[in-house]
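Structural description and commentary
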Amino acid sequence: MPTALVTGASQGIGACIAKRLAKDGFDIAVNYYPSEGDKAKAAEVAEECRALGVKAEIFPADVSKMADCEAMVKAVKETFGTIEALVNNAGITKDKLLARMSEDEYDAVIAVNQKSVFNMLKHTCPIMMKQKFGRIVNVASVAGLYGNPGQINYSASKAAMIGMTKTIAKEYGKKNITCNAVAPGLIRTPMTDVLSDELKARMLEVVAMKRYGEPEEIASVVSFLVSDDASYVTGQVIEISGGISM
Ligand code: NAP
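This write-up is about the structure you can find in this document. Sequence order sets the numbering: in each chain, residues are counted from 1 along the sequence as written. In keeping with the predicted nature of the model, local features appear solely for residues at pLDDT of at least 70, side-chain atom pairs appear and are counted solely at 80 or more, and the whole-chain, interface and lining totals rest on all residues. Excluded from the side-chain calculation are hydrogens and water; included are all heavy atoms of the structure.

**Things to note about the overall build of the protein chain**
Stated formally: The secondary structure listing takes helices from DSSP runs of H or I that are at least 4 residues long and strands from runs of E that are at least 2 residues long, numbered from the N terminus. Classification of residues uses two cut-offs on accessible area relative to the type maximum, computed with a 1.4 Å probe and protein chains only: under 20% is buried, over 50% is exposed, and between them is partly exposed. Contacts: residue pairs with any heavy atoms within 4.5 Å of one another. Computed by Shrake-Rupley with a 1.4 Å probe, the accessible areas treat only the displayed protein chains as cover when residues are assessed. Asp and Glu count as negative and Lys and Arg as positive, but His and the ends of the chain are not part of the count. A charge is said to be at NZ when it belongs to Lys, at CZ for Arg, at CG for Asp and at CD for Glu.
A tally of regular secondary structure across the protein chain gives 9 helices and 7 strands. Expressed along its principal axes, the backbone C-alpha trace of the protein chain runs to roughly 50 × 40 × 35 Å. Per-residue burial for the protein chain yields a buried fraction of 48% across its 246 residues. Sequence-distant contacts in the protein chain: of pairs separated by 6 or more residues, those separated by 24 or more amount to 74%. As displayed, the protein chain offers around 11500 Å² of accessible surface, 55% of which is attributable to carbon and sulfur atoms. Computed over 28 positive and 29 negative side-chain charges, the separation of the two mean positions in the protein chain equals 5 Å.

Here you go:
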């Protein structure tokens, strides 16, 4: 069975991707941020994956830390033997207008959303290169495509992920490794649950379909990108936003 490693998979979009790829027949490595709460949630996700008939294990790592990523990738390789698919999903927001944003708030978002992708690629690509097969999907955002007031840190990190996606596609294409990004719009997850009703209503005004997306609607596109049906698709960004005009 092929193995998929999904970062930040204890809840939200990451948990949904893990379960969808389990349904597709991947053994699943569920990464979670090292905390007791996240461990319990990740264990539930792994249990739900196993119920679909595949192997699934949980792996703690703060993906903003290079050493954590190195140890996690090593542990996943030892547990499953291979890593065919990597989904860089872990992400955070610390929204403020530039005038109020601190340097720490800027650096924290860049570390978790952007540097983490470098950390994970650094340790996963050599494995994929040796096996001459790999499918990488980076979970970016429409904020990385269009910018968004109050998100200079977040939109910078997501735009960087798109640049990294296109670069890795070019560096590793000849090794049969594809690298693509998805750019979700407004998706119903714990990340967006905390927004005020007024802000949610205002944001929906710019969505053609006038509704939030569901995590399953991101997972289905990721499922396609790691499947044989997408074997000649690389370096692309697929927007999944219900038609947003930002
Ligand atoms: P979420 O519910 O907050 O899930 C994010 C997950 O990443 C959480 O499990 C979180 O753990 C984990 N995480 C955070 N920092 C981490 C770290 N340093 N190491 C390992 N894991 C870490 O958010 P979501 O909405 O599902 O978002 C998933 C991805 O989609 C993110 O990259 C986000 O930027 C992107 N996205 C979301 C939306 C949306 O509307 N929801 C739109 C566009 C893009 P903790 O709970 O402990 O922080």
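There's more to say after this.
**Observations regarding the pairing of strand β4 (residues 85–88)**
Note the threshold: Criterion used throughout: strands pair if DSSP finds at least two bridges between them. With the strands aimed away from the viewer, a crossover counts as right-handed if its path from the first strand over the helix to the second runs clockwise.
Burial of the side chains of β4 extends over both faces: Ala85 and Val87 are buried on one face and Leu86 and Asn88 on the other. As paired elements, β4 and strand β5 (residues 134–139) share 4 bridges and run parallel to each other. The residue of β5 that forms the bridge with leucine 86 is isoleucine 136. Assessed by its sense of winding, the connection that carries the chain from β4 through helix α4 (residues 103–130) to β5 is right-handed.

**Notes on the nonpolar core**
Note the threshold: Throughout, nonpolar core names a set of buried Ala, Val, Leu, Ile, Met, Phe, Trp, Tyr and Cys residues whose side chains join them through atoms within 4.5 Å.
Among the nonpolar cores identified, the biggest contains 33 residues, and Ile17, Leu21, Ile28, Cys49 and Val182 are the most heavily contacted of them. Those elements that provide at least two residues to this core are β1 (3–6), α1 (12–23), β2 (27–32), α2 (36–50), β4, β5 and α9 (215–225). Among the elements that line this core, the one with the most residues is α1, at 7 residues. What cysteine 49 contacts, discounting residues up to four positions off in sequence, is Ala18, Lys19, Ala22, Ile28, Val54 and Ala56.

**Observations concerning the packing of aromatic side chains**
The test is simple: Two rings from Phe, Tyr or Trp (for Trp, the six-membered ring) form a pair when their centres are within 6.5 Å of each other. A pair whose planes differ by under 30 degrees is stacked, one over 60 is edge-to-face, and the rest are tilted.
Throughout the structure, instances matching the rule amount to 1 aromatic pair. A ring pair is formed by phenylalanine 59 and phenylalanine 80, whose centres lie 6.3 Å apart and whose planes are at 55°; its orientation type is tilted. Separated by 21 residues along the polypeptide, phenylalanine 59 in strand β3 (residues 56–60) and phenylalanine 80 in helix α3 (residues 66–80) bring together distant segments of the chain. By relative accessible area, phenylalanine 59 is classed as buried at 7%.

**Quick word on the site of the ligand**
Note the cut-off: Only heavy atoms are used to decide nearness, and a residue is near a molecule or strand if one of them lies within 4 Å of it. Under this definition, polar contacts are N or O atom pairs within 3.5 Å; protein pairs additionally need one hydrogen-donor-capable and one acceptor-capable atom, and for neighbouring residues in sequence, both atoms have to be side-chain atoms.
Close contacts around the ligand come from 29 residues, with Ile13, Asp38, Asn89, Tyr154 and Thr189 the closest. Contact between the ligand and asparagine 89: an oxygen atom at 2.7 Å from a main-chain N or O atom of the residue. For the ligand, whose unbound accessible area comes to 880 Å², protein coverage reaches 90%. Among the secondary structure elements, those contributing two or more residues to the shell around the ligand are α1, α6 (152–172) and α7 (190–193). Tallying contributions element by element places α7 first for the shell around the ligand, with 3 residues.

**Concerning a nonpolar patch on the surface**
Where we set the bar: Nonpolar side chains (Val, Leu, Ile, Met, Phe, Trp, Tyr) are joined into patches within 5 Å and like charges within 9 Å, using only residues with over 30% relative accessible area and no salt bridge. Salt bridge, as used here: a side-chain nitrogen of Lys or Arg that lies within 4 Å of a carboxyl oxygen of Asp or Glu.
A surface patch of nonpolar side chains, about 340 Å² in accessible area, is lined by Leu145, Tyr146, Val206 and Met246. Structurally, tyrosine 146 is set in helix α5 (residues 142–146).

**Focus: the packing of α1 against α2**
What counts is decided by this rule: In this analysis an axis means a line fitted to C-alpha atoms, helices contributing only their contacting stretch, and an angle means the value between N-to-C directions, from 0 to 180 degrees. Oblique is the label for any angle not under 35 degrees, not over 145, and not in the 65 to 115 range, which are roughly parallel, roughly antiparallel and roughly perpendicular in turn. Each crossing gets its hand from how the near helix is turned against the far one by less than a right angle, where anticlockwise is left-handed and clockwise is right-handed. Residues are grouped as follows: Ala, Val, Leu, Ile, Met, Phe, Trp, Tyr, Cys and Pro are nonpolar; Asp, Glu, Lys and Arg are charged; all remaining types, including Gly, are polar.
At a minimum axis separation of 9 Å, α1 and α2 run at an interaxial angle of 20°. Between α1 and α2, the angle falls in the class roughly parallel. Handedness of the α1/α2 crossing: right-handed. Contacts between α1 and α2 involve Ala15, Ala18, Lys19 and Ala22 from the first element and Val45, Glu48 and Cys49 from the second. Looking at the contact of α1 with α2, its residues break down into 5 nonpolar, no polar and 2 charged.

**Points about the pattern of salt bridges**
Counting across every chain of the model gives 9 salt bridges. In this structure, arginine 188 engages glutamate 214 in a salt bridge whose closest nitrogen and oxygen atoms are separated by 3.0 Å. Residue arginine 188 is located in the loop between β6 (177–184) and α7, and its partner glutamate 214 is located in the loop between α8 (197–204) and α9; the two are separated by 26 residues in the primary sequence. Between glutamate 217 and arginine 211 there is a salt bridge, and its shortest N-O distance comes to 2.8 Å. In this structure arginine 211 comes out as partly exposed when scored by relative accessible area, which is 37%.

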